Amino acid sequence: MSVQEQFAEVRDALPVSFELASLRPKSITPNKLVRRTRILKRLLDLGIALLLLLFLSPALIAVAVLIKFDSRGPALFRQKRLGLNGRPFGIFKFRTMHVVEEDEAVVQAEPGDPRITRIGSFLRASSIDELPQLLNVILGQMSLIGPRPHAIAHDLHYAKLIPEYALRQSVKPGITGWAQVNGCRGGTPTLDLMQKRVDLDLWYAQNISIALDIFILARTPFELLRNRNVY
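Now for a look at the structure at hand. Residue numbers run consecutively from 1 along every chain, following the written order of its sequence. Totals for whole chains, interfaces and linings use every residue, but because this is a predicted model, local features are given only for residues with pLDDT of at least 70 and side-chain atom pairs only at 80 or more, for both listing and counting. Note: side-chain values were computed over all heavy atoms of the structure, leaving out hydrogens and water.

**Here's the deal with helix H3 (residues 118-126)**
The rule is simple: take the accessible area with a 1.4 Å probe, protein chains only, and divide by the maximum for that residue type; under 20% is buried, over 50% is exposed, in between is partly exposed. Helical segments are the DSSP runs of H or I of at least four residues, strand segments are the runs of E of at least two, and each set is numbered from the N terminus. Residues Ile119, Gly120, Leu123, Arg124 and Ala125 constitute the buried set of H3. We call two residues contacting when some pair of their heavy atoms lies within 4.5 Å. Those residues of H3 hidden inside the fold are in contact with helix H2 (35-70). Under this definition, polar contacts are N or O atom pairs within 3.5 Å; protein pairs additionally need one hydrogen-donor-capable and one acceptor-capable atom, and for neighbouring residues in sequence, both atoms have to be side-chain atoms. Sitting at the amino-terminal end of H3 is Thr117, which places a side-chain oxygen 2.9 Å from the backbone nitrogen of Gly120. Trailing H3 by a residue or two, Ser127 shows a phi angle of about 65 degrees, which is positive.

**Notes on the packing of H2 against helix H7 (residues 210-226)**
Fitting a line to C-alpha atoms yields each axis, with helices limited to the stretch in contact; the angle taken between N-to-C directions then spans 0 to 180 degrees. The interhelical angle for the contact between H2 and H7, taken along N-to-C directions, is 25 degrees, at an axis separation of 10 Å. In terms of orientation, H2 lies roughly parallel with respect to H7. Judged by residue contacts, Thr37, Leu40, Lys41, Leu44 and Ile48 of H2 engage Ile210, Asp213, Ile214 and Leu217 from H7. Asp, Glu, Lys and Arg are counted as charged, while Ala, Val, Leu, Ile, Met, Phe, Trp, Tyr, Cys and Pro are counted as nonpolar; the rest, among them Gly, fall into the polar class. Of the residues in the contact of H2 with H7, the class split is 6 nonpolar, 1 polar and 2 charged. Oblique is the label for any angle not covered by the other classes, which are roughly parallel (under 35 degrees), roughly antiparallel (over 145) and roughly perpendicular (65 to 115).

**Some thoughts on the packing of H2 against H3**
Closest axis-to-axis distance for the H2/H3 pair is 8 Å, and the angle between their directions is 145 degrees. Facing H2, whose interface residues are Val63, Leu66, Ile67 and Asp70, H3 presents Arg118, Ile119 and Leu123. Residue composition of the contact of H2 with H3, by class: 5 nonpolar, no polar and 2 charged.

Below, the structure is given as structure tokens:
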């Protein structure tokens, strides 16, 4: 059985409704977004992603060159993730480590992690390593705003420990999200930290709107400057 099938098995065993401490029970389904909201969200994603790629392309090329000079390996790579409704896709990232891990080999970074390159530390702290995911947004695999996609090995692990975990995938994954602007960036070394992130992701999924997306986009630069919990 593939990892996608394993995760789908865990996801399909979950109830459609769930309850969090701060929320009333609501149903989350892939069709939650009305057609008008889906179209507006997609237009917002495409417009901003294309503008950012055009504006940032010289800086992104410079980052790629620095990565190549700093250590051996590709500047840009793809890692498998599970997106909307558990569909797999290849997420683009700037390489920040001396290794390129995949699937079961992916291990969360820790403070002082020797795998992280010299420039990789800066790229991770500033989240510049995530900017290539603008390509995923343009391809329709991700949104600017949504739950951050985790490594498949972590999806399988936490889906068994947190009953509502798989419901994060009722909306497209994002480059930034409600959890990130509320301090849940970086690693999740303990179960309670992942539970907090899941709670925030599900709150977003239940309250998704264009106005909320714009609010999160506006808050994201300030959260990046705070540099909380990132290594």
